[in-house]
Amino acid sequence: MNPVEIEAQFIAAYDAYADAIFRYCFYRTYNRERAKDLMQEAFTRSWEYIASGKEVKNIRAFLYRVANNLIIDESRKKKMLSLDELHEQGFEPSYEERGRLELLADAKHAKELLSALDEKQRDVILMRYVDDLTPKEIAEILGESENIVSVRLHRALKKVKTLIPENV
Amino acid sequence: MSNFFEQLMESLKSPKLGEEEKAKIRGWLLSHMKFHPVRGVGTERLIQQRSEAILFNFSLFKTMPLLLVLTLMLGGGVALASEYALPGDILYPIKIGVNEKVLGFTKLSDETRAEWNIKLLSRRLEEAERLVVTNRINANVEAEFESRFNIQAERTHKGVEALASGKKLKAAAEASSEMETALRVHEDILRSLAQEKSSTKGAISAAADSVRLRLGIIADARIKLEREVSQRQGPNAKTAAEAKLAESEKKVTQVQTLLSQKDTYIEANVKARAEVQLKSALVLLEEGKKLLADGAHGQAFVLFQKAHREAEIAKRIVEAKKNFNVTITADENSEIDDDLQDQASTAMIQKASSSVATPPSRQGKEDNQNKKDDSPKTKFKEESKTEVAPGRATTEIRLDLEP
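Residue positions within a chain follow its written sequence, with the count starting from 1. Whichever chain is written first is A, and whichever ligand is written first is 1; the rest continue in order. Confidence filtering applies because this is a predicted model: local features only for residues at pLDDT of at least 70, side-chain atom pairs given and counted only at 80 or more, and all residues used for totals across whole chains, interfaces and linings. Computation of side-chain values: all heavy atoms of the structure, hydrogens and water removed.

Trainee: For the overall build of chain A, give the residues involved together with the corresponding values.
Mentor: The secondary structure listing takes helices from DSSP runs of H or I that are at least 4 residues long and strands from runs of E that are at least 2 residues long, numbered from the N terminus. Along the backbone of chain A there are nine helices and zero strands. When its helices and strands are written in sequence order, chain A yields α-α-α-α-α-α-α-α-α. Think of it in three bands: with a 1.4 Å probe and only protein chains considered, a residue is buried below 20% of the maximum accessible area for its type, exposed above 50%, and partly exposed in between. Within chain A, buried positions represent 45% of all 168 residues. Taking contacts inside chain A between residues at least 6 apart in sequence as the whole, the part at least 24 apart equals 65%. Here chain A has roughly 8,900 Å² of accessible surface; of this, 48% comes from carbon and sulfur atoms. Every residue pair with non-hydrogen atoms within 4.5 Å of one another is taken to be in contact. Here the accessible surface of atoms and residues is derived via Shrake-Rupley with a 1.4 Å probe, and residues count as covered only by protein chains that are part of the display.

Written as structure tokens, this is what we have:
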């Protein structure tokens, strides 16, 4: 592939995955500006890797992995946020979705769901059901086996099931 | 459970970047990619290992003939590597002392030499911009830039004068027009970069001031030359006008294609600015055609030339955003306060080298007799503040935009 094609492919990857990588960073930092910086850094470092002549087979998984490494490098802030706090940070469900949330249960359930899970479980739930990554891709990103990821997902879902009210 | 769970997961997809945020980062990323191109695919840098190599004006596709000549004459590796060198790099003396000199020898006519001088002037300005973007600009570097830039600007201007005194009026008018456009665009880029780089704003603004001074001189020259050309009629004048029309229409088409490409993202405000310029170019072309039909060949030529400038600026607006993530206007209709121009000129003369022999003139005003300009007039209200740093006088210009 010539340099022009490589560049074009990378920018296409940015257009396709920028939001997803931003979201991935947001849910691990709960800081919108920091998430934006980390997203930009993830793409920058990914480009530098590619520009050095190394091949990347799955750019999507690679971007997540770079973002994940960047987040690990940051000092972790284990912060449980209410939806109000998330709202302040820029998380604003749409009016349509807010209606659904209100109908379903209110913010309390979202908070409980996320906060009841441990960090690793929360990561796989978000990656699987918000980022739409496959267990194989999740395993590649986290550097773990697909089997472990599947087991973790299963356990996380089981826990979620216990938290959701019976009448919804 | 699954319905509730799905809805909750769906709501967690809300955090998103705004369109403008996304576009801004994209622009930055594109710029970064140009400065850090893919290595190991025929563009090895043998000696110079810095990663600030620029390809946006030196893409392999565009410069292949240039590289071929250099490879044959000098031996490929060093010549190739030095093309990306910046002031301060080990290979920079080879770039300007060997590469450019060798290529200069191949320019035999006054016209091709004038064109080459304008290209060299653009190279000096692009180097300055690359130095700014890679955070290598400071007062010393700026002073060196100014010296090289002034020498090249003087050489280019003398080339235009040589064409004019050799009765090659059309070529002189074209060369002055091209030089003016290049200076206008680069000044705007430097001023935009100065706004973003607060720590080196003084050095960048000083560089932009140098460009502004030269811009005033060449704009004056261009207006005078066009005034002479506009009075011409006859078969030669008609041929010249028709050739200019063809060239300008080709430029406009090129830019229209650039703006309509589906696989290239151009920010809405950048596209809008470029389209304003293009619209102005199209209006000028139509007016020029009427004059051509009426036999006013000289005047038609002048309008076609202005249309060419407008279209070129439209293209540069898009390129400036892509390469530097800055939004420029490079508006030819901006007016500069005479006092301010004189202040800048005085400051320049006080510290200029002996190569700057020509006293600066005021920036001339456009001859609007035959022009109907639909493009929005942008007036710059300027304040000047003169700061005296040890050893040199500088003038900082702040621009406030009035719609």
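Trainee: Any chance you could break down the interface of chain A and chain B for me, citing the residues and the numbers?
Mentor: Listed per partner, the contact involves 47 residues of chain A and 30 residues of chain B. By convention, the term buried area covers the 1.4 Å-probe accessible surface removed from two parts as they join, with the contributions of both added. Of the roughly 3,800 Å² buried where chain A meets chain B, counting both sides, 70% is carbon and sulfur surface. In the sections that follow, a salt bridge refers to a side-chain nitrogen of Lys or Arg positioned within 4 Å of a carboxyl oxygen of Asp or Glu. On inspection of chain A and its partner chain B, the count reaches four salt bridges. Ionic pairing is found between B:Lys22 and A:Asp19, a salt bridge with its closest N-O pair at 3.3 Å. Nitrogen and oxygen atoms within 3.5 Å of one another constitute a polar contact, given that in protein one can donate a hydrogen and the other can accept it, and given that sequence-neighbouring residues count only through two side-chain atoms. Here chain A and chain B share eight residue pairs in polar contact (both at pLDDT 80 or more) between them. Here the side of chain A that touches chain B gets 13 residues from one element, more than from any other, and that element is helix α1 (residues 3–29) of chain A. Considering only residue class, the side of chain A that touches chain B consists of 29 nonpolar, six polar and twelve charged. Throughout, the ten residues Ala, Val, Leu, Ile, Met, Phe, Trp, Tyr, Cys and Pro are labelled nonpolar, Asp, Glu, Lys and Arg are labelled charged, and all others, Gly among them, are labelled polar.

Trainee: Go over the packing of helix α11 (residues 268–293) of chain B against helix α12 (residues 297–324) of chain B, please, and point to the residues and values.
Mentor: Residues and elements named next belong to chain B. Axis geometry follows a simple rule: fit a line to the C-alpha atoms, using only the stretch in contact for helices, then measure angles between N-to-C directions, giving values from 0 to 180 degrees. Where α11 meets α12, the closest approach of the two axes is 8 Å, and the angle between their N-to-C directions is 170°. Compared by their axis directions, α11 and α12 come out roughly antiparallel. Handedness of the crossing formed by α11 with α12: left-handed. Counted by class, the contact of α11 with α12 contains 17 nonpolar, five polar and six charged residues. If an angle is under 35 degrees, it is roughly parallel; if it is over 145, roughly antiparallel; if it lies from 65 to 115, roughly perpendicular; otherwise it is oblique. Two helices cross in a left-handed way if the nearer one is turned anticlockwise from the farther one by less than a right angle. They cross in a right-handed way if the turn is clockwise.

Trainee: Summarise the layout of surface pockets; cite the residues concerned and give the values.
Mentor: Of the pockets and cavities examined, the second largest pocket occupies roughly 750 Å³. Around the second largest pocket sit 31 residues that line it, and B:Lys24, B:Trp28, B:Glu196, B:Phe324 and B:Asn325 are the ones nearest its centre. Those elements that place two or more of their residues in the lining of the second largest pocket are α2 (32–51) of chain A together with α2 (19–35), α8 (169–196), α11 and α12 of chain B. Per element, the largest residue contribution to the lining of the second largest pocket is eight residues, and it comes from α2(B). Residue classes in the lining of the second largest pocket are distributed as seven nonpolar, 13 polar and eleven charged. Note on definitions: the grid is 1 Å and covers protein atoms alone; a cavity is a set of points where a 1.4 Å probe fits but cannot get out; a pocket is an open set with protein on both sides within 12 Å along at least five of seven lines; lining residues have an atom within 4 Å of a point. Grid points are joined across faces, edges and corners, and a volume is the space filled by probe spheres set on the points.

Trainee: Please set out the confidence of the model for chain A residue by residue, giving values where relevant.
Mentor: All names here are of chain A. Each residue carries a pLDDT score, the predictor's own confidence in it, on a scale running from 0 to 100. With 74% of its residues at a pLDDT of 70 or more, chain A shows a mean pLDDT of 78. This stretch, residues 77–85, has a pLDDT under 50; its non-local contacts, to residues over four places away or in other chains, come to twelve contacts. Low pLDDT, under 50, characterises residues 89–107; the stretch is placed with 35 contacts to residues that sit more than four places away or in other chains.

Trainee: Break down helix α7 (residues 119–129) of chain A for me, with residues and values.
Mentor: Every buried residue belonging to α7(A) is among A:Gln121, A:Arg122, A:Asp123, A:Val124, A:Ile125, A:Leu126 and A:Met127, and all of these are buried. At the N-terminal boundary of α7(A), the capping side chain belongs to A:Asp118, with an oxygen 3.0 Å from the backbone nitrogen of A:Lys120.

Trainee: Explain the environment of B:Ile317 residue by residue, including any values.
Mentor: The topology assignment puts B:Ile317 in helix α12. Taking C-alpha positions, B:Ile317 is 6.7 Å from B:Thr327, a pair spaced ten residues apart along the chain.

Trainee: Break down the nonpolar core for me, with residues and values.
Mentor: Residue and element names in this part refer to chain B. Judged by nonpolar contacts, the single largest core of 69 residues is most densely connected at Phe149, Leu183 and Ile189. Contributions of two or more residues to this core are made by α6 (110–133), α7 (139–165), α8, α9 (201–230), α10 (235–260), α11 and α12. A total of 13 residues in this core trace back to one element, the largest contributor, which is α12. For phenylalanine 149, the residues in contact, after removing those within four places along its chain, are Leu121, Leu125, Leu183, Ser210, Val211 and Arg214. By nonpolar core is meant a set of buried Ala, Val, Leu, Ile, Met, Phe, Trp, Tyr and Cys residues that side-chain atoms within 4.5 Å join together.

Trainee: A description of the side chain of B:Ser122 should follow, citing residues and the corresponding values.
Mentor: Structurally, the position occupied by B:Ser122 is in helix α6. Those residues in contact with B:Ser122, other than ones at most four positions away along the chain, are B:Ala182 and B:His186.

Trainee: Got a sec to walk through the packing of aromatic side chains? Specific residues and values, please.
Mentor: Residue and element names in this part refer to chain A. By convention, a stacked pair of Phe, Tyr or Trp rings (six-membered ring in the case of Trp) has centres within 6.5 Å and planes under 30 degrees apart, an edge-to-face pair has planes over 60 apart, and any other such pair is tilted. This structure, assessed with the given rule, holds ten aromatic pairs over all chains. Taking 6.1 Å as the distance between ring centres and 75° as the angle between the ring planes, the aromatic pair formed by phenylalanine 10 and phenylalanine 43 counts as edge-to-face. Pair noted here: phenylalanine 10 is in helix α1 and phenylalanine 43 is in helix α2, with a separation of 33 residues, a long-range link. In this structure, phenylalanine 10 and phenylalanine 43 share a single accessibility class: buried. Taken together, the ring pairs connect Phe10, Tyr14, Phe43 and Trp47 into an aromatic cluster. The side chain of arginine 28 reaches across the aromatic face of tyrosine 24, ending 3.7 Å from its centre. The aromatic ring of tyrosine 129 is capped on one face by arginine 128, whose charged end is 5.7 Å from the ring centroid. In this scheme, Lys NZ or Arg CZ marks a charge over a ring once it lies within 6 Å of the ring centre and within 35 degrees of the ring normal.

Trainee: Now, about the packing of α1(A) against helix α3 (residues 59–73) of chain A: what can you tell me, with residues and values included?
Mentor: Residue and element names in this part refer to chain A. For the pair α1 and α3, interaxial distance at closest approach is 10 Å and the crossing angle is 35°. The crossing of α1 and α3 is right-handed. Contacts between α1 and α3 pair Phe10, Ala13, Tyr17, Ala20, Ile21, Tyr24, Cys25 and Arg28 from the former with Ile59, Arg60, Leu63, Tyr64, Ala67, Asn68 and Ile71 from the latter. Within the contact of α1 with α3, the residues separate by chemical class into twelve nonpolar, one polar and two charged.

Trainee: Please give an account of the side chain of A:Arg23 that cites residues and values.
Mentor: Assignment of secondary structure puts A:Arg23 in helix α1. With near-sequence residues (within four places) excluded, A:Arg23 lies in contact with A:Arg28, A:Val130, A:Asp131, B:Leu12, B:Lys13 and B:Pro15.

Trainee: Account for the confidence of the model for chain B, with residues named and values stated.
Mentor: Any residue range with low pLDDT should be treated as having predicted coordinates unsuitable for detailed reading. Residue and element names in this part refer to chain B. When pLDDT is averaged along chain B, the result is 75; 70% of the residues meet or exceed 70. In this model residues 335–345 is a low-confidence stretch, pLDDT under 50, and it forms 22 contacts with partners more than four residues away in sequence or in other chains. Of the regions scoring below 50 in pLDDT, residues 351–403 engages in 114 contacts with residues more than four places distant in sequence or in other chains. Scoring of the predicted complex yields 0.53 for pTM and 0.76 for ipTM.

Trainee: For the environment of A:Lys54, give the residues involved together with the corresponding values.
Mentor: All names here are of chain A. Position of lysine 54 among the secondary structure elements: in the loop between α2 and α3. Relative accessible area serves as the criterion here: at 44%, lysine 54 is assigned to the partly exposed category. Looking at lysine 54, its side chain comes within polar contact range of the side chain of serine 52, at 3.4 Å.

Trainee: Explain the pattern of salt bridges to me, using residue names and the numbers behind them.
Mentor: Using the criterion set out here, one finds 39 salt bridges over all chains in the structure. The salt bridge partner of B:Arg26 is A:Asp15, with a shortest N-O separation of 2.8 Å. Pair noted here: B:Arg26 is in helix α2 and A:Asp15 is in helix α1, and the two residues belong to different chains. The exposure class assigned to B:Arg26 is buried, which follows from its relative accessible area of 7%. Among the salt bridges present, the one from B:Glu226 reaches B:Arg222, with a minimum N-O distance of 3.0 Å. One end of the pair, B:Glu226, and the other, B:Arg222, are both in helix α9, four residues apart, so they sit about a helical turn from each other. There is no split in this pair, since B:Glu226 and B:Arg222 are both buried. Residues joined by salt bridges that share partners form a network here, namely B:Lys95, B:Glu100, B:Arg123, B:Arg124 and B:Glu127.

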